[in-house]
Amino acid sequence: MGLTYLEKFRDPSLAKNLVTAIHKESRLTLRLMEVCGTHTMAIFRHGIRNILPETITLLSGPGCPVCVTAQKDIDAFVAVSRQPDVIVTTFGDLMRVPGSGTTLAGQKGAGADVRMVYSVFDAVTIARQNPEKQVVFCAVGFETTIPTIAAAVLMAAKEKVTNFSIYGANKLTPPALAALMTTPGVSIDGFILPGHVSVITGVDAYRSVFETHKVPSVITGFEPIDILHAVLMLVRQNESGVPALENAYPRAVRESGNPKAREVMHQVFTVGDAAWRGIGLIKNSGMELKPDFKAFDAGAQFELNLTDVAEPKGCACGEILMGLKTPVACALYKKVCTPMTPVGPCMVSSEGACAAYYNYG
Amino acid sequence: MNAETNNTILLDHGAGGKASHALFSKMILPLFSNEYLDMGDDGAVYSVPAGRMAFSTDSYVVDPIFFNGGNIGDLAVNGTVNDIAMCGAIPLYISVGLIIEEGLPINDFQEIIKSMATAADRAGVKIVTGDTKVVPRGKADKIFINTSGVGMIPEGVNVSGSRALPGDKIILSGTMADHGIAILTAREGLTFDGDLKTDSAPLNHMVKMILSSGCEVHVLRDPTRGGVGTTLNEIASQSGVGMTLFEKDLPIKKPVNGVCELLGFDPLYIANEGKLLAIVPEKQASKVLDLIKADTFGKNAAIIGEVTDQRPGKVFLETAIGGQRLVDMLTGEQLPRIC
Ligand code: SF4
Ligand code: SF4
């Protein structure tokens, strides 16, 4: 007794029971993919990989918003920061992602006004305080972050903050899962589905992918007990041969998710195609500002003259995001590519697979 | 004279003329006064007992300059006091270099030097020499402080980052990450429930107590920038040993842990300003732990791990759920995750 809510999800004896059950019940060799970067990090931080049986391989999926941001989008952020009288605002992680030339952090060092914010609303505040400047927010992230960005755009529109705009590179999760399943060579025996994203999308959003591909799928949270529980459920689904779409995170995720948040998101954005770094274009996997909100589209405001550039040579981020390779199999890993000298975003992002292998290896 | 010039630091205050003199003699001297400084010479002349000396310097450029539980002033004094203490020395004298940006409110300045005086008193060190410069607006960020200090190492004491031995226990003198999280929340204007306060404190009395108890101590180090994780990595590679930490034993305050969870930070890499790591032979570990716990700043001390001969240069963490992971050095600043 006396355990707080959080501690319960880290309780060693509960964890031990789950691990014992996984060891006892797991016979088939399974490749399970954690889609979300926060799961990847939690798996490494709690040392979950080395307490699972050898039958189970955990793969990191395309769920880190920093990792999947296309190089061209990073280049665009950098190009915006070079414009006169512009303040670029961004979430921290994005600062160090290499574009084809430099990073936002590099730009900041060179004198550009790049500011780290904790919320998109901080960007709106900065815009209000600096009426003589254009304040651009680099909008990356999945369903979890998009509703807040939409809300900020609505607020700016209502309050007539006309010097605020976003450079949009937001993405949707279910289309990426569908794209993965139709990529040749990809073999996944189970998805550990993202907790935060699902709070917004609900279980329903994954239904069509599940019906088409019948891959065992479990939504779960980020505590060790959550993750172990999901692994056990995926083992059971595989052993019994009955795939299912299950919700192991009912304390946060409802069947229909958060319709209110989705409503706000669709009020401002419409679904469009998006380029995923290392993977390429995925149809209907992105979000574009609706015509009514074009005034908030930074992409339309600046002449950026971007050219298509190849991703860094040798970087295997794409294959890693699709579960085709692990970081250690990348020729550059630890040799050329380290957190101090990252080649690909997977090594930069605190949720990236290569960074996780490197830091917690 | 308008209100602005009355209440803020001006370039004149650093020009060496009347204003400089007034700043020093009216504001600084009364607070820092002692027989050495009062002499008013260009440097301090003092005698020291025979033996080995420790000498350390550090510059403080923290932003913001005021935060919950302290300010740049006491931080600068405590920091140097602790660096000297971590050499196993008893700190005696420190110097203070102040680089002030034109326009700093006099009241802020006064509060900062007041807390420096209080911190020096509390640590039992004397500020024996110093220097003040004022730079034009924009050439510094409010105020930068350099402190250097000297201390004497008692006979028989020999602590160094290269002396950790397999079998030793690792003691942390209190909760991790308090300072870093206090600064972060103050800087970003983040508001969280719970009291997030710096742990900035002088540790020299604690060190003196440990060393004079006759207990053998191999390593003393304060895990400031880079946190406990990076500091232990440094020691592991200096000593050529491995280390295992136990997550269940790591002391951390609940609200601090909460902020770390929220932002995706690992508390093992967050700065502390009033904590020390002591690496001691196993047979003396519980005695040293008791001594630390008896100190005002060591109430939450705990044995957090042990030194091994496995995987030299590497630090591993046994997680609460029985997993194991590497605790590597921190590379770059930790940045908050996106969602
Ligand atoms: S955006 Fe949310 S769901 Fe995606 S990786 Fe980050 S935490 Fe996970
Ligand atoms: S190790 Fe570096 S280069 Fe290789 S895939 Fe990861 S990020 Fe890309």
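As shown above, the structure is provided for reference.
First, a word on what this report is: a plain description of the structure on this page. (Residues numbered from 1 in each chain as written. Chains lettered and ligands numbered in written order. Predicted model: local features only at pLDDT ≥ 70, side-chain atom pairs only at ≥ 80, totals over all residues. Heavy atoms only, no water.)

A word on the overall build of chain B
Which entries qualify depends on this criterion: Segments assigned H or I by DSSP are reported as helices when at least four residues long, segments assigned E as strands when at least two residues long, and all are numbered from the N terminus. Note on method: radius of gyration uses C-alpha positions; expected globular size equals 2.2 Å times residues raised to 0.38. Each residue gets one of three labels from its accessible area relative to the maximum for its type: buried under 20%, exposed over 50%, partly exposed in between, using a 1.4 Å probe on protein chains only. Every residue pair with non-hydrogen atoms within 4.5 Å of one another is taken to be in contact. The accessible surface values rely on the Shrake-Rupley method and a 1.4 Å probe; as for residues, cover is taken only from the protein chains in view.
In terms of helices and strands, chain B carries 9 helices and 13 strands. Taking 20 Å as the expected radius of gyration for a compact globule of 339 residues, we find that chain B reaches 21 Å, a close match to that expectation. Based on the C-alpha atoms only, the size of chain B along its principal axes is roughly 70 × 55 × 30 Å. Going through the 339 residues of chain B one by one, you find that 55% of them count as buried. Long-range pairs, those at least 24 residues apart, make up 86% of the contacts in chain B with a sequence separation of at least 6. By element, 51% of the accessible surface of chain B is carried by carbon and sulfur atoms, the whole surface being about 14,300 Å².

As for the site of ligand 2
This is how it is decided: We call a residue near a molecule or strand as soon as one heavy atom of that residue lies within 4 Å of the molecule or strand. Residues were grouped as follows: Ala, Val, Leu, Ile, Met, Phe, Trp, Tyr, Cys and Pro as nonpolar; Asp, Glu, Lys and Arg as charged; and all remaining residues, including Gly, as polar.
Near ligand 2, the surroundings consist of 13 residues, among which A:Cys315, A:Ala316, A:Cys330, A:Cys337 and A:Cys354 are the closest. The class makeup of the residues in the shell around ligand 2 is 12 nonpolar, 1 polar and no charged.

Quick notes on helix α11 (residues 224-240) of chain A
Residues and elements named next belong to chain A. The criterion, for reference: Here the expected span of a helix is defined as 1.5 Å times the quantity of residues minus one.
In a regular helix each residue adds 1.5 Å, so 17 residues correspond to 24 Å; α11 covers 24 Å between its end C-alpha atoms and thus fits that length. In terms of burial, α11 is largely enclosed, as 13 of its 17 residues are buried. Phi turns positive, to about 70°, at Gly241, one or two residues after α11.

Digging into the interface of chain A and chain B
The line we're drawing: Buried area: the sum, over both parts, of the accessible surface (1.4 Å probe) that disappears when the two are put together. Polar contact criterion, stated in full: a pair of N or O atoms within 3.5 Å, where within protein one must be able to donate a hydrogen and the other to accept it, and residues adjacent in sequence count only if both atoms are side-chain atoms.
On the chain B side, the residues contacting the 37 residues of chain A number 27 residues. Buried surface at the junction of chain A and chain B, both sides included, amounts to about 2,800 Å², of which 58% is carbon and sulfur. Among the residues of chain A in contact with chain B, A:Arg45, A:Tyr118 and A:Tyr360 are the three that bury the most area, contributing 25% of the side total. If you look at where chain A meets chain B, you find 5 residue pairs in polar contact (both at pLDDT 80 or more). Its residues placed into classes, the side of chain A that touches chain B shows 18 nonpolar, 12 polar and 7 charged.

Some details on the pairing of strand β11 (residues 280-289) of chain A
Put simply, the rule reads: A pair of strands is labelled paired if DSSP reports no fewer than 2 bridges between them.
Here strand β10 (residues 269-276) of chain A pairs with β11(A) via 7 bridges, running antiparallel. Its bridge partner lying in β11(A), A:Ala274 is registered against A:Ile282.

Section: the sheet that holds strand β2 (residues 56-63) of chain A
All names here are of chain A. To be explicit about the condition: Note on method: axes are straight lines fitted to C-alpha atoms, helices fitted across the in-contact stretch only, with angles between N-to-C directions ranging 0 to 180 degrees.
Strand order in the open sheet formed by 5 strands is β2-β1-β7-β8-β9, with parallel pairing between adjacent strands. Each edge of the open sheet is held by one strand with a lone partner, namely β2 and β9 (245-247). The mean angle between the axes of side-by-side strands here comes to 20°, regardless of whether they run parallel or antiparallel. Two strands pair when backbone bridges link them, and strand β7 (residues 190-193) and strand β8 (residues 217-219) are joined in this way by 3 bridges, in the parallel orientation. Across the sheet, Leu193 pairs through a bridge with Ile219, a residue of β8. The sheet strands contacting helix α3 (residues 37-45) are β1 (30-36), β2 and β7, and the helix crosses β1 at an angle near 120°.

Focus: the environment of B:Thr147
All names here are of chain B. Looking at where Thr147 falls in the secondary structure, it is placed in strand β6 (residues 143-153). Separated by 114 residues in the primary sequence, Thr147 and Ser33 place their C-alpha atoms 17 Å from one another. Setting aside anything within four residues of it in sequence, one finds Thr147 in contact with Ser56, Thr57, Asp58, Tyr60, Ala76, Val77, Thr80, Ser95, Val96 and Met116. There is a polar contact of 2.8 Å between the side chain of Thr147 and the backbone oxygen of Ala76.

Some points on the state of the cysteines
The criterion, for reference: Working definition: a disulfide is two cysteine sulfur atoms within 2.5 Å of each other.
Under the defined criterion, the tally for this structure stands at 0 disulfides over all chains. No disulfide involves A:Cys64; its sulfur sits 3.2 Å from that of A:Cys67, the nearest cysteine.

Notes on the side chain of B:Glu273
With respect to the helices and strands, B:Glu273 occurs in the loop between α8 (254-263) and β10 (277-280). Beyond its immediate stretch of four places on either side in the chain, B:Glu273 contacts B:Leu75, B:Asn82, B:His179, B:Asp199, B:Ser200, B:Ala201 and B:Thr224.

Here we look at the packing of helix α7 (residues 146-158) of chain A against helix α12 (residues 259-268) of chain A
All names here are of chain A. Counted only if it meets this: Any angle from 65 to 115 degrees is called roughly perpendicular, while one under 35 is roughly parallel, one over 145 is roughly antiparallel, and all others are oblique. Here a crossing is taken to be left-handed if its near helix is turned anticlockwise relative to the far helix by less than a right angle, and right-handed if that turn runs clockwise.
Relative to each other, α7 and α12 sit at 55°, their axes nearing to 8 Å. By the angle between their axes, α7 is oblique relative to α12. Crossing of α7 against α12: the hand is left-handed. Within the contact between the two elements, α7 uses Ile146, Pro147, Ala150, Ala151, Val153 and Leu154 and α12 uses Ala261, Val264, Met265, Gln267 and Val268. Split into classes, the residues belonging to the contact of α7 with α12 amount to 10 nonpolar, 1 polar and no charged.

Quick notes on the side chain of A:Asp226
One can find A:Asp226 in helix α11. Among the residues examined, A:Asp226 registers a relative accessible area of 3% and is labelled buried.

Quick word on the sheet that holds strand β5 (residues 126-135) of chain B
Sheet strands pair via backbone hydrogen bonds, and the direction of the pair is either parallel or antiparallel. Residue and element names in this part refer to chain B. Read from one edge to the other, the open sheet built from 4 strands follows the order β1-β6-β4-β5, with strand pairing classed as mixed. The open sheet is flanked by β1 (52-60) and β5, the only strands paired with a single partner. Here the average twist between neighbouring strands, direction ignored, is 10°. In terms of strand pairing, strand β4 (residues 90-101) meets β6 through 10 bridges, oriented antiparallel.

Notes on helix α6 (residues 120-129) of chain A
Residues and elements named next belong to chain A. Which entries qualify depends on this criterion: Throughout, the arc means that of the directions going from the helix axis to the C-beta atoms.
Those residues of α6 not exposed but buried are Val120, Ala123, Val124, Ile126 and Ala127. For α6, the buried positions fall inside an angular range of 160° around the axis, keeping them on one side. One side-chain oxygen at the N-terminal end of α6 lies 2.9 Å from the backbone nitrogen of Phe121; it belongs to Ser119.

Observations regarding the environment of B:Arg163
All names here are of chain B. Counting through the fold element by element, Arg163 comes out in the loop between β6 and β7 (169-172). In the structure, Arg163 is positioned 15 residues away from Ser148 in sequence and 25 Å away in space, judged by C-alpha atoms. Beyond its immediate stretch of four places on either side in the chain, Arg163 contacts Asn158, Asp168, Val217, His218, Val219 and Ser239. Looking at Arg163, its side chain comes within polar contact range of the main-chain oxygen of Asn158, at 2.4 Å.

Description of the pattern of salt bridges
Convention followed: Here, a salt bridge means any side-chain nitrogen of Lys or Arg that lies within 4 Å of a carboxyl oxygen of Asp or Glu.
On inspection of all chains with the given rule, the structure shows 20 salt bridges over all chains. Its salt-bridge partner being A:Lys283, residue A:Asp273 comes within 3.2 Å of it at the nearest N-O pair. Taken together, the residues span a long stretch of sequence, with A:Asp273 in strand β10 and A:Lys283 in strand β11 at a distance of 10 residues. Note on A:Asp273: relative accessible area 33%, which makes it partly exposed. For B:Asp178, the salt bridge goes to B:Lys275, with nearest N and O atoms at 3.4 Å. In this pair, B:Asp178 sits in helix α5 (residues 178-188) while B:Lys275 sits in the loop between α8 and β10, placing the two residues 97 residues apart along the sequence.

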